Amino acid sequence: MKGKLFLFTVLIFTFVLSGCNFEKKEIYNIATATTGGTYYPIGVGMGQLWTEHYREQNIKFNGQASAGSVENIDLLKNGEADFAILQGLISTQAAEGSGIYEGDQYEELRSVGMIWPNVEHFVLMEDFVESGDISDIAGRSFSVGPQASGTEQSTVTMMEGIELGKSDIRTEYLGYDDTISAMRDGRLNGGSLPAGVPVSAITDMYASGLNAAILEVTDEQMDDINDIVHTWYRYTIEAGSYPRQEEDIDTIAQPNILVTTSDMDEEMVYNLTKILFENREYMIGIHNSAREMQVETALEGLNTPLHAGAYRYFEEQGIEIEAHLKPEELREEEN
């Protein structure tokens, strides 16, 4: 009995010692959005790219699904995400403490760069298309996106710009794939699906023969929307971007921004920024919207201060950086 007890003790001790030699793997999470949009595949692909470059250090980066930009802010604040993709609207409001973040400024929020434009896709069953622009959603059952998502906030802001509120539609809160499924089943008239072109759920909408259309945004509507929050610009979805799409569609877009916090290590963020923008072809292979990811345009539409590591990378690339993008920590070093 004593011999068995001694052997058991030796085995346990050996296991504990061997466990001490296991190399710890660091895992960093990248918060994205629902799986039917563009955030998720881009975030997952970004994580794979970074993981490959950090393989020898045994560091892994995971793209994780979420409800979108608003939840991503909460995930960052709670330490459940280390990086996140945000709509320009949500990033701006959080950094400034405006809009839905009035009195709740996220001072530690830092941008890494604009990675692609978030193109507004208001879709509606053809039976209800009259003018062909986004005013046609009035009186219809319409999904504004998942609750607590950037889609919901940007959709509501756009509606406010054209003098519509949730009371003017029959409001639903669905993800992208669920929106198209509900339209196909006759349970929903339309929905808002902002993302980089092409959006997989909308590709499915066209390819499956669903009798629906993407609504346009007029110049007057764009101006009125920007009077609420100035973050949108003109964008044309070129003919052929989707199956059976024979004509250009005039809509608007806002920047999609990769963000982190001021606590993230400067050297790591510098390296990750460099890896991301210098492997554009790899990212295009993940999703076609990454074709618009370029160093030259990486600061377009940004209102959130850069992380010190990203700031250093863009400075080295000779990119002109506006004063409001310089992080507070670098300003303090100069004083």
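The model shown is predicted, which means the values in this text are computed figures rather than measured ones. Numbers given for residues are sequential positions, taken from 1 along each chain in its written order. At least 70 in pLDDT is required for a residue's local features to be given in this predicted model, at least 80 for side-chain atom pairs to be given and counted, and no such filter applies to totals for whole chains, interfaces and linings, which use all residues. As a convention, hydrogens and water are excluded, and side-chain values are obtained from all of the structure's heavy atoms.

## Let's talk about helix 7 (residues 200-207)
Then step 1. Only protein chains enter the accessibility calculation, which uses a 1.4 Å probe; a residue whose area is less than 20% of its type maximum is buried, one above 50% is exposed, and one in between is partly exposed. Secondary structure elements follow DSSP: runs of H or I of four or more residues count as helices, runs of E of two or more count as strands, with numbering from the N terminus. Here helix 7 has its buried residues at A201, I202, M205 and Y206. The buried residues of helix 7 occupy an angular sector of 135° when the element is viewed end-on, so they sit on one face.
Then step 2. In this structure, the buried residues of helix 7 make contact with strand 5 (122-125), helix 6 (176-184), strand 9 (212-214) and strand 11 (249-261).
Then step 3. Positive phi appears at G209, one or two residues downstream of helix 7, with a value of about 85°. In this context, the arc is that of the directions from the helix axis out to the C-beta atoms. We call two residues in contact whenever any of their non-hydrogen atoms come within 4.5 Å of each other.

## So, the nonpolar core
Then step 1. Take the buried residues of types Ala, Val, Leu, Ile, Met, Phe, Trp, Tyr and Cys, join any two whose side-chain atoms come within 4.5 Å, and each joined set is a nonpolar core. If you look at the biggest cluster of nonpolar residues, it comprises 78 residues, and the most contacted ones within it are W50, F61, L276 and F314.
Then step 2. Once residues lying within four places of it in the same chain are set aside, the contact partners of F314 are V112, T273, F277, V295, A298, L299, L306, I319 and I321.
Then step 3. Ranked by size, the runner-up nonpolar core spans 24 residues in total, among them A182, M183, L210 and I237.

## Digging into the sheet that holds strand 5
Then step 1. Only when DSSP finds a minimum of two bridges between them are two strands counted as paired. Spatial strand order, 7-6-8-5-9: 5 strands in an open sheet with mixed pairing. Two strands close off the open sheet at either side, each with one partner strand: strand 7 (170-172) and strand 9. The mean angle between the axes of side-by-side strands here comes to 20°, regardless of whether they run parallel or antiparallel.
Then step 2. Of the pairings in the sheet, the one linking strand 5 to strand 8 (residues 190-192) comprises 3 bridges and is antiparallel in character. When the bridges of strand 8 are listed, L124 appears paired with G190.
Then step 3. Fitted lines through C-alpha atoms serve as axes, helices being fitted only where they are in contact, and the angles separating the N-to-C directions of these axes extend from 0 to 180 degrees. Along the sheet face, helix 6 touches strand 5, strand 6 (141-143), strand 8 and strand 9 and points at about 165° away from the line of strand 8.

## Examining the side chain of Q93
Then step 1. Examined against the element boundaries, Q93 turns out to sit in helix 4 (residues 88-96).
Then step 2. By relative accessible area, Q93 is classed as buried at 7%.
Then step 3. Not counting residues within four places of it along the chain, the set of residues in contact with Q93 comprises S98, G99, I100, Y101 and V229.

## Examining the pairing of strand 4 (residues 109-119)
Across a regular strand the side chains alternate sides, sitting on one face of the sheet and then on the other.
Then step 1. For strand 4, the buried fraction is high: 11 of the 11 residues fall into the buried class.
Then step 2. As judged from the 9 bridges shared by strand 4 and strand 11, these two strands associate in the antiparallel manner. Counterpart to V119 in the pairing with strand 11 is A253.

## Examining the packing of helix 9 (residues 266-277) against helix 11 (residues 308-316)
Helix-helix packing is characterised by the crossing angle of the two axes and by the distance between the axes.
Then step 1. One can describe the packing of helix 9 onto helix 11 by two numbers: an axis separation of 7 Å at closest approach and a directional angle of 50°. Between helix 9 and helix 11, the interaxial angle falls into the category oblique. You can see that helix 9 and helix 11 cross each other, and the crossing is right-handed. Mapping the contact onto sequence places E266, E267, V269, Y270, T273, K274 and F277 in helix 9 and A308, G309, A310, R312, Y313, F314 and E316 in helix 11.
Then step 2. Residue polarity follows a fixed list, in which Ala, Val, Leu, Ile, Met, Phe, Trp, Tyr, Cys and Pro are nonpolar, Asp, Glu, Lys and Arg are charged, and the others, Gly among them, are polar. The class makeup of the residues in the contact of helix 9 with helix 11 is 7 nonpolar, 2 polar and 5 charged. The labels follow the angle: roughly parallel below 35 degrees, roughly antiparallel above 145, roughly perpendicular from 65 to 115, and oblique for the rest. Should the near helix be turned counterclockwise from the far one by less than a right angle, the crossing is left-handed, whereas a clockwise turn marks it as right-handed.

## Some details on the packing of aromatic side chains
Then step 1. Within 6.5 Å between ring centres, the rings of Phe, Tyr and Trp (the latter by its six-membered ring) count as paired, and their orientation is classed by plane angle as stacked under 30 degrees, edge-to-face over 60, tilted in between. Evaluated as defined, the whole model comprises 10 aromatic pairs.
Then step 2. On the numbers, 5.3 Å between centres and 55° between planes, the contact of W50 with F83 is tilted. Residue W50 is located in helix 2 (residues 39-53), and its partner F83 is located in strand 3 (residues 83-87); the two are separated by 33 residues in the primary sequence. There is no split in this pair, since W50 and F83 are both buried.
Then step 3. With centroids separated by 6.2 Å and ring planes inclined at 70°, the aromatic side chains of Y270 and Y313 adopt a geometry described as edge-to-face. Here Y313 lies in helix 11 and Y270 lies in helix 9, a separation of 43 residues in the sequence. By the burial criterion, Y270 is buried, and Y313 matches it.

## With respect to a negative patch on the surface
Then step 1. The residues that make up patches have over 30% relative accessible area and no salt bridge, and they are joined within 9 Å when like-charged or within 5 Å when they are Val, Leu, Ile, Met, Phe, Trp or Tyr. The method behind every accessible area is Shrake-Rupley, applied with a 1.4 Å probe, and residues are considered shielded solely by the protein chains displayed. What counts as a salt bridge is simple: a side-chain nitrogen of Lys or Arg found within 4 Å of a carboxyl oxygen of Asp or Glu. Only four residue types enter the tally: Lys and Arg on the positive side, Asp and Glu on the negative side, with His and both chain ends excluded. Here the site of a charge means NZ on Lys, CZ on Arg, CG on Asp, or CD on Glu. A cluster of acidic residues, E238, E246, E247, D248 and D250, forms a negative patch on the protein surface.
Then step 2. Positionally, E238 belongs in the loop between strand 10 (233-237) and strand 11.

## Topic: the environment of G68
Then step 1. The residue G68 is located in the loop between strand 2 (59-64) and helix 3 (69-77) in this model.
Then step 2. Given a relative accessible area of 4%, G68 falls into the buried group.
Then step 3. With 16 residues separating them in the primary sequence, G68 and E52 have C-alpha atoms 26 Å apart.

## Regarding the pattern of salt bridges
Then step 1. Considering all chains together, one arrives at 13 salt bridges under this definition.
Then step 2. The shortest N-O distance in the salt bridge between R140 and E130 comes to 4.0 Å. Residue R140 is located in the loop between strand 5 and strand 6, and its partner E130 is located in the loop between strand 5 and strand 6; the two are separated by 10 residues in the primary sequence.
Then step 3. You can call E130 exposed: its relative accessible area is 66%.
Then step 4. Between E152 and K166 there is a salt bridge, with the nearest N and O atoms lying 2.8 Å from each other. Note that E152 is positioned in helix 5 (residues 150-161) and K166 in the loop between helix 5 and strand 7, a separation of 14 residues in sequence.
Then step 5. Linked through salt bridges whose partners overlap, the residues forming this network are E266, E267 and R312.

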